Amino acid sequence: MRRRLAAAAALSALLAACSVSTLQSDGAPRQSLDPASIADAVPRADPITARGNTSPYTVLGRQYQVMPDYRGFRQRGRASWYGTKFHGRPTANGETYSLYGMTAAHRNLPIPVYVRVTNLENGLSTVVRVNDRGPFHSERIIDLSYAAAVKLGFAEQGTAAVEIQVIDTDNRPLAGAGQGERGPGSYYLQLGAFSTAASADSLRSRLAAALPHPVVVTATVSRPVLHRVRLGPFSDYLAAQRAREALPPEYGRDARIVNDIEPVPSTTRLSRTP
């Protein structure tokens, strides 16, 4: 039986909830699946969110990076699958894993992206949606759901040689996410959060003078109130990644990509246009 090291909660906690089990074996469900009845995941505009994409992150003392540019990515190696042991548990981005779904785990691809997986041993291929982290075994490149492994014809043997190819979809903001407004597709770099507005505005002033990006200060609605200093918005996750990589070291080491839709009173927003 395979052992799997998987992210069991959102990466907002830097994979603190990664499960590393050596006691309980994984396995297939009692009910068998008909490969002909399993449909591919359908690629769609599926904005990459901050949740599940902390970079870098560390598992078992090893550091991993989320790819800043994944378009056109191809990779060959061995695929494995995970099943009953993780069925019903949260994936790295907080969704619920189903062994019957067409999903996958990858160490470095952003979440979510769609990939075509081809079994190099029999020529079968399928499309899955990456929404989890793993496998944390150097000899394997992707962990597929049990259903995906059945469709690719290697569920019984456990692993197979595969090629994976990212399917390019539009990960830009959804309609209605305007400049300066937070929405499902608005990405920011958060560089600090303070209990007082004065501290946040002090950092905002320093950033506005040093960086070529708009700087905003927002306040949380929930208690206690936090005054968050952010750069942006950026058009998509990749744009935010590129901006973070270009930051001077004194700012970049604390910057994290965020994407949320919490309403913020307009009176708390201070901005600067470059």
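S.K.: Explain the sheet that holds strand β12 (residues 215-219) here, please?
M.R.: Strand order in the open sheet made by the four strands is β12-β13-β11-β14, with antiparallel pairing throughout. Edge positions in the open sheet fall to β12 and β14 (256-258), since each of these has one partner strand only. When strand polarity is set aside, the average angle formed by the axes of neighbouring strands in this sheet is 40°. Here three bridges tie strand β11 (residues 187-194) to β14, and the two strands are oriented antiparallel to one another. The residue bridging tyrosine 188 from the neighbouring strand is valine 258, located in β14. Running over the sheet, helix α2 (residues 197-210) touches β11, β12 and β13 (227-234) and is turned about 35° from β13.

S.K.: Which parts of the structure should I look at to understand the packing of aromatic side chains?
M.R.: The geometry of two aromatic rings is summed up by the distance between their centres and the angle between their planes. One pass over the structure, following the stated rule, counts six aromatic pairs. Ring centres of tyrosine 57 and tyrosine 64 lie 5.4 Å apart, and the angle between their planes is 25°; on these two criteria the pair is classed as stacked. Comparing tyrosine 57 with tyrosine 64 shows no difference in burial state: the two are buried. The interplanar angle of 80° and the centroid separation of 6.3 Å between the aromatic rings of tyrosine 57 and phenylalanine 136 together place this pair among those described as edge-to-face. Here the residue tyrosine 57 occupies a position in strand β3 (residues 57-59), and phenylalanine 136 occupies one in the loop between β8 (125-132) and β9 (140-145), the gap between them amounting to 79 residues. Pair check on accessibility: tyrosine 57 and phenylalanine 136 agree, each one buried. One aromatic cluster is present, formed by Tyr57, Tyr64 and Phe136 through successive ring pairs.

S.K.: Sorry if this is basic, but what is going on with unusual backbone geometry here?
M.R.: Trans peptide bonds make up the majority, and among non-glycine residues the majority have a negative phi. With an omega dihedral of 0°, the bond running from serine 55 to proline 56 counts as a cis peptide bond. Structurally, proline 56 is set in the loop between β2 (19-20) and β3. Each neighbour pair has its own omega, and for glycine 134 with proline 135 the value is -10°, a cis peptide bond. With respect to the element layout, proline 135 can be found in the loop between β8 and β9. For leucine 60, which is not a glycine, the phi torsion comes out positive at approximately 50°. When you line up the elements, leucine 60 lands in the loop between β3 and β4 (62-64).

S.K.: Help me understand the side chain of serine 80 in this model?
M.R.: Its place among the elements puts serine 80 in strand β5 (residues 74-82). Polar contacts involving the side chain of serine 80 include one to the side chain of aspartate 143, which spans 2.3 Å.

S.K.: In this structure, what is going on with the pattern of salt bridges? I would like to understand it.
M.R.: Pairs can form between side chains of opposite charge whenever their charged atoms are close. Taken as a whole and assessed by the stated rule, the structure comprises nine salt bridges. Ionic contacts of the salt-bridge type, sharing partners, join the residues Arg44, Asp46, Glu95 and Arg129 into one network.

S.K.: So what exactly am I meant to see when it comes to the sheet that holds β9 here?
M.R.: Sheets are built from strands that pair by backbone hydrogen bonding, the pairs being arranged parallel or antiparallel. Pairing within the closed barrel is mixed, and its six strands lie in the order β5-β9-β6-β8-β7-β10. The sheet shows a mean angle of 45° between the axes of neighbouring strands, taken without regard to direction. Sheet topology places strand β6 (residues 103-105) next to β9; two bridges connect them, and they run antiparallel. Of the residues in β9, the one forming a bridge with alanine 105 is aspartate 143.

S.K.: Please clarify how α2 should be interpreted in this entry.
M.R.: One turn of an α-helix holds 3.6 residues; hence residues three or four places apart share an orientation. In this model, α2 (14 residues) spans 20 Å end to end at C-alpha, consistent with the 20 Å of a helix rising 1.5 Å per residue. All of the buried residues in α2 are Ala200, Leu203, Arg204, Leu207 and Ala208. What you see down the axis of α2 is that its buried residues fit within an arc of 135°, all on one side. Every exposed residue of α2 that faces more than 90 degrees away from the buried side is listed here: Ala198 and Ala209. Contacts from the buried residues of α2 go to β11, β12, β13 and α4 (249-252).

S.K.: What should I look at first to understand the nonpolar core in this one?
M.R.: Grouped together as the largest cluster of nonpolar side chains are 67 residues, with contacts concentrated most on Ile142 and Leu144. Considering every element that reaches this core, the biggest residue donor is helix α1 (residues 146-152), with six residues. The residues contacting isoleucine 142, other than those within four sequence positions of it, are Arg78, Ala79, Ser80, Ala104, Ala105, Val115, Val117, Pro135, Val162 and Ile164.

S.K.: I keep staring at the environment of proline 56 and nothing clicks. Help me out?
M.R.: The class of proline 56 is partly exposed, set by a relative accessible area of 34%. Along the sequence, proline 56 and valine 66 sit ten residues apart, while their C-alpha atoms lie 6.7 Å from each other.

Procedures and definitions
- Along each chain, residues carry numbers from 1 onward, in the same order as the chain's sequence is written.
- Where local features are concerned, this predicted model is filtered to residues with pLDDT of at least 70; where side-chain atom pairs are given and counted, the filter is 80 or more; whole-chain, interface and lining totals use all residues.
- No hydrogens and no water enter the side-chain calculation; it runs on all heavy atoms of the structure.
- Here, any two strands with at least 2 DSSP bridges between them count as paired.
- The secondary structure listing takes helices from DSSP runs of H or I that are at least 4 residues long and strands from runs of E that are at least 2 residues long, numbered from the N terminus.
- What counts as an axis is a line fitted to C-alpha atoms, over the stretch in contact for a helix, and the angles between N-to-C directions run from 0 to 180 degrees.
- Residue contacts are defined here by distance: any two heavy atoms, one from each residue, within 4.5 Å place the two residues in contact.
- For Phe, Tyr and Trp, rings pair up if their centres lie within 6.5 Å, where Trp contributes its six-membered ring, and each pair is then called stacked (planes under 30 degrees apart), edge-to-face (over 60) or tilted (otherwise).
- Residue burial is assigned from relative accessible area. The probe radius is 1.4 Å, only protein chains are included, and a residue is buried under 20% of its type maximum, exposed over 50%, and partly exposed in between.
- Polar contacts, as counted here, are pairs of nitrogen or oxygen atoms within 3.5 Å of one another; within protein the pair requires one atom able to donate a hydrogen and one able to accept it, and residues that are adjacent in sequence qualify only if both atoms are side-chain atoms.
- Salt bridge, as used here, is a side-chain nitrogen of Lys or Arg placed within 4 Å of a carboxyl oxygen of Asp or Glu.
- An expected span of 1.5 Å times one less than the residue number is assigned to each helix.
- The directions considered for the arc are those from the helix axis to the C-beta atoms.
- Buried residues of nine kinds, namely Ala, Val, Leu, Ile, Met, Phe, Trp, Tyr and Cys, make up a nonpolar core once their side-chain atoms join them within 4.5 Å.

This is a description of form; function is not addressed.
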